[in-house]
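Single-letter residue listing:
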Amino acid sequence: MDRPAAPRRIQRLSQQLANQIAAGEVVERPASVLKELLENSADAGARLIEVEVEQGGTRLLRVRDDGCGIHQDDLALALSPHATSKIRDQGDLVRVASLGFRGEALASIASVSRLTITSRMAGAGEAWQLEGLVQGPVPAALPAGTSVEVRDLFYNTPARRKFLRSERTEFSHIEEVFRRFVLSRSDTAFTLRHNGRQIMRLRAGAAGDLGRVGAVLGASFVEHAQAVEFEAAGMRLWGWAAQPEFSRPQNDMQYFYVNGRVIRDKLVNHAVRQAFEERLPEGRFPAYVLYFELDPALVDVNVHPTKHEVRFREARMVHDFIHRGLSRALAGDAAEEDLAMGHVVRESSRPYVAPLMAAASRGAGRAALAACDALYRASRPQSPAKVAPVAPAGPLGTALALLQGRYVLAEDGSGLVVVNLDAAITRIATGRLLAARQAGAVRPQPLLIPETVELDMGLAEWAEAHPDALLALGLDVDRLGPDTLVVRQIPALLRGAEVKPLVGKVVRMLADGAATELVLQVMAGFVLVDRRMSVSEMNALLREVEALPSQESAPCWGRLTAHQLDQLAGGKGQPEAGEC
Ligand code: ADP
Ligand code: MG
């Protein structure tokens, strides 16, 4: 082999050449240009996006939107590398919410094509246009929004041009990018034209619109679509998966989005494949459109310039979540599982059934409706403290209403009874936990996803040394690290409770030698309270409160007698009361 030539002096690349090199990573073919332009339009808040293609995108690719537009003075900047309006610092980068953030797409595209950008900010008197970086912006005609026109892709990079395929092939790639994108934005209207012919026109619909899915994947997919809706530990998986009869000979109908971004990911693929595995014959591929949502800080999107890849911070947890959620949905027992998770609704979280209900009311397909129906029936509001559906009136009377989600109002023979809902449920739950503990152990329930809890090393050590004490209280805990526990099961009664503070408190109390009854009382405070109670559920609650052991020291209810009500509302001694 020849010896390498003596090194030449180092020189800085021209900006144009540097951009072209960068373009090599982002711009592989017309379809990749389209992806970048669509992302920019979406980031600009567009509600209408029009795509015009000629000759498979090699001659022309134009994307026009009605988004926020670009300021005249920023047009040149938009085309220069590493210029972005989307992030400013490292902090923004770790929780990117926009599709773009690298600030190099337009510069890259402009370096390998003839690019013209025209934009008019909402409220601006006129539009401005920039042709490449040749001359400063000139006035142009355009309604509010932005139009980016890319002509003659790779005209100046013959090596790249050589790799372009036939017009038909390039256009089929464009169509695929388009399909993937429109499925992530059902609230945006789109059109796609090729060589002057309209290929697709999509009206804006509601988020989670099955109509959009049908328009893109066909009626047959929708007919076989089974709704998926799963939420736990701050993560949510929703969308549709086709029943096994609709499996495909290849993997051409698999759409997976992470926080609205189209991605390809081995971990995700594996989890999804596993969920479908038992249901599909060898060599068949599932069809699905699934949206996975989680805290942006838990997923790194800055892995590759095309942003097709992501890295999950809690890879194992994400894998298990997707696999389990999907398996259950496919097994058709989503409703049951949802009931388990949505049974007692956390005050702060949105009701679990809401998304599906909304989907149904928007006229979603049969399968979605059926799933929704089952879910609705299964998860009718139930009080965690309910014992009997109907109970005759007792000393606390009959329920009237729930005030502010906090007070059960009831009417007894002599006036108005007010029960503090949270206090009552904590009492009832304490009684149940205590009874269970005395009968052996509190019944546990596996967590859908094990949770890790960090605490003092001493406490972690204690927990490791006393698994039985914890198991007796329905807590299955392992030591994961010096100061970390992993929690696999919690008491069934505490389903949906905040695991970290619960376990932290319980371990601390037990290690401090607190009385069991006291620990159970604290645990009962973690029961999630359903604040959508029906009258009969409130009546059942009243009966349970009546059955509680004596509450002389701190009752969880009070009574206003007819006389006191008179004083309050009858004008006697209450001058500010309204006239009756
Ligand atoms: P990035 O999207 O990573 O920020 P780009 O090179 O794709 O980088 O775009 C550069 C900048 O140009 C964007 O940050 C944005 O401010 C502006 N821009 C690009 N396209 C549009 C558009 N369609 N509407 C409004 N602004 C746009
Ligand atoms: Mg961009």
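In case you missed it, the structure is sitting above this.
To keep things clear, this report deals only with the structure shown in the data block. What you are looking at is a predicted structure, and each value in this text was computed from that prediction instead of being measured. (Residues numbered from 1 in each chain as written. Chains lettered and ligands numbered in written order. Predicted model: local features only at pLDDT ≥ 70, side-chain atom pairs only at ≥ 80, totals over all residues. Heavy atoms only, no water.)

## Observations regarding the packing of helix α2 (residues 30-43) against helix α7 (residues 167-182)
No. 1: Orientation of α2 relative to α7, taken along the N-to-C sense of each, is 25 degrees, at an axis distance of 8 Å. With respect to α7, the element α2 is oriented roughly parallel. Crossing geometry of α2 relative to α7 is assigned as right-handed. Contacts between α2 and α7 involve P30, A31, L34, K35, L38, E39 and A42 on the former and, on the latter, E170, H173, I174, V177, F178 and F181.
No. 2: The residue makeup of the contact of α2 with α7, split by class, is nine nonpolar, one polar and three charged. (Axes fitted to C-alpha atoms, helices over the stretch in contact; angles between N-to-C directions. Helix = DSSP H or I, 4+ residues; strand = E, 2+ residues; numbered from the N terminus. Parallel < 35°, antiparallel > 145°, perpendicular 65-115°, else oblique. Left-handed = near helix turned anticlockwise from the far one by under 90°. Contact = heavy atoms within 4.5 Å. Nonpolar A, V, L, I, M, F, W, Y, C, P; charged D, E, K, R; others polar.)

## Points about the sheet that holds strand β21 (residues 484-491)
Strand pairing in a sheet relies on backbone hydrogen bonds, with the paired strands running either antiparallel or parallel.
No. 1: Pairing is antiparallel in the open sheet, where three strands are placed in the order β19-β21-β20. If you trace the sheet from one side to the other, it starts and ends with β19 (444-454) and β20 (476-481), each paired once. For this sheet, the mean inter-axis angle between neighbouring strands, taken without regard to orientation, is 20 degrees.
No. 2: Sheet strands in contact with helix α16 (residues 457-465) are β20 and β21, and its direction is about 130 degrees off that of β20. (Pairing = 2+ DSSP bridges.)

## A few points about the site of ligand 1
No. 1: Near ligand 1, the surroundings consist of 19 residues, among which N40, T84, S85, K86 and G103 are the closest.
No. 2: T84 places a side-chain nitrogen or oxygen 2.6 Å from an oxygen atom of ligand 1.
No. 3: The side chain of T146 places a nitrogen or oxygen atom 3.3 Å from a nitrogen atom of ligand 1.
No. 4: In the complex, the protein chains occlude 93% of the 540 Å² of accessible area that ligand 1 would expose alone.
No. 5: Of all the secondary structure elements, the ones that give two or more residues to the shell around ligand 1 are α2 and α5 (105-111).
No. 6: Class assignment for the residues of the shell around ligand 1 results in seven nonpolar, eight polar and four charged. (Near = heavy atom within 4 Å. Polar contact = N/O pair within 3.5 Å; in protein donor to acceptor, adjacent residues only side chain to side chain. Areas by Shrake-Rupley, 256 points an atom, 1.4 Å probe, with all protein chains shown as cover.)

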